[in-house]
Amino acid sequence: MSDCLFCKMAHGEIKPDVVYEDDTVLGFRDINPQAPVHVLLIPKRHISTLNDLEAEDGALIGKLYLAAKRVAAQEGVAEGGYRTLFNCNGDGGQEVFHLHLHLLGGRQMRWPPG
Ligand code: AMP
Ligand code: ZN
C-alpha cells in the first residue's frame, strides 16, 4: 500500500533502525520504545491486521516468530525472558495498520497488561 508507513520501510523508502531482515520479514527498533528492547517484526507484504490473515499465511506468522526468537537472542534477552504480541484494531490498541509483532524485553513485564 503506497500510503502505509511500514510498507515504505519494507520497500526501503524510509529507513528504520533495522535489526533483522530476510526475504519476507523486516525487524526494526520501535521509535517510542516501551522497554529497553522493543523491536517490531513485520511481513514485507502488506497485511492490515490479524483479522486479514488467510490460511496460507500460517508459514509467514511462523517466520515472524522465528525472527523474534533470533532477535531476542541477538539483543541478549532470550534467557531473561521477553514478550511478543500483536495488537488488533481499536480495543487491541493497534495504531499502525500493517501487521507487526512486538518484541519487548530487558525489564520485568506486567500481567495483566493495561
Ligand atoms: P501498534 O499500536 O501495535 O499499532 O504499534 C505501532 C508501533 O509503531 C508503536 O509502538 C509505535 O511507537 C511504532 N512506530 C510508529 N511509527 C514508527 C516509526 N516511524 N519507526 C518505528 N516505530 C514506529
Ligand atoms: Zn503496509
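Residues numbered from 1 in each chain as written. Chains lettered and ligands numbered in written order. Predicted model: local features only at pLDDT ≥ 70, side-chain atom pairs only at ≥ 80, totals over all residues. Heavy atoms only, no water.

Per an unreviewed UniProt entry, the chain carries the name Histidine triad nucleotide-binding protein and comes from Candidatus Sedimenticola endophacoides.

1. Section: the sheet that holds strand E5 (residues 101-105)
Backbone-to-backbone hydrogen bonds join strands into a sheet, with any given pair of strands oriented parallel or antiparallel. This is how the line gets drawn: Strand pairing is assigned whenever DSSP identifies at least 2 bridges connecting the two strands. To qualify as a helix, a DSSP run of H or I must reach at least 4 residues; to qualify as a strand, a run of E must reach at least 2; elements of each kind are numbered from the N terminus. Axis definition: a line fit to C-alpha positions, over the contact stretch in the case of helices; interaxial angles, taken between N-to-C directions, run 0 to 180 degrees.
If you walk across this open sheet you meet the five strands as E1-E2-E3-E5-E4, and the pairing is antiparallel. Where the open sheet ends on each side, the last strands, each with one partner, are strand E1 (18-21) and strand E4 (82-85). Strand-to-strand, the axes of this sheet are offset by a mean angle of 20 degrees, without reference to chain direction. In terms of strand pairing, E1 meets strand E2 (residues 25-29) through three bridges, oriented antiparallel. What sits directly across from Tyr20, in E2, is Gly27.

2. Considerations on the UniProt feature "domain: HIT" (unreviewed entry) in the chain
Where we set the bar: UniProt positions are given in the numbering used here, feature names are shortened, and annotations may be inferred rather than shown by experiment.
Per the UniProt record, "domain: HIT" (unreviewed entry) is annotated on residues 5-114. Secondary structure over residues 5-114 splits into 25% helix and 23% strand, and the C-alpha atoms at its two ends are 26 Å apart.

3. A look at the site of ligand 1
Applied cut-off: We call a residue near a molecule or strand whenever a single non-hydrogen atom of that residue lies within 4 Å of it. Counted as a polar contact is a pair of N or O atoms within 3.5 Å, where, for protein atoms, one must be capable of donating a hydrogen and the other of accepting one, and residues adjacent in sequence contribute only when both atoms are in side chains. Per-residue accessibility takes into account occlusion by the displayed protein chains alone, with areas from the Shrake-Rupley method and a 1.4 Å probe. Throughout, the ten residues Ala, Val, Leu, Ile, Met, Phe, Trp, Tyr, Cys and Pro are labelled nonpolar, Asp, Glu, Lys and Arg are labelled charged, and all others, Gly among them, are labelled polar.
Lining the immediate environment of ligand 1, one finds 16 residues, of which Asp30, Gly93, Glu95, His100 and His102 sit closest. The backbone of Glu95 places a nitrogen or oxygen atom 2.6 Å from an oxygen atom of ligand 1. His102 places a side-chain nitrogen or oxygen 2.8 Å from an oxygen atom of ligand 1. Look at ligand 1: alone it shows 510 Å² of surface, and the protein chains cover 83% of it. Where the shell around ligand 1 is concerned, the elements lending two or more residues are helix H1 (5-10) and E2. Counting residues per element, the shell around ligand 1 draws most heavily on H1, at three residues. By residue class, the composition of the shell around ligand 1 is seven nonpolar, six polar and three charged.

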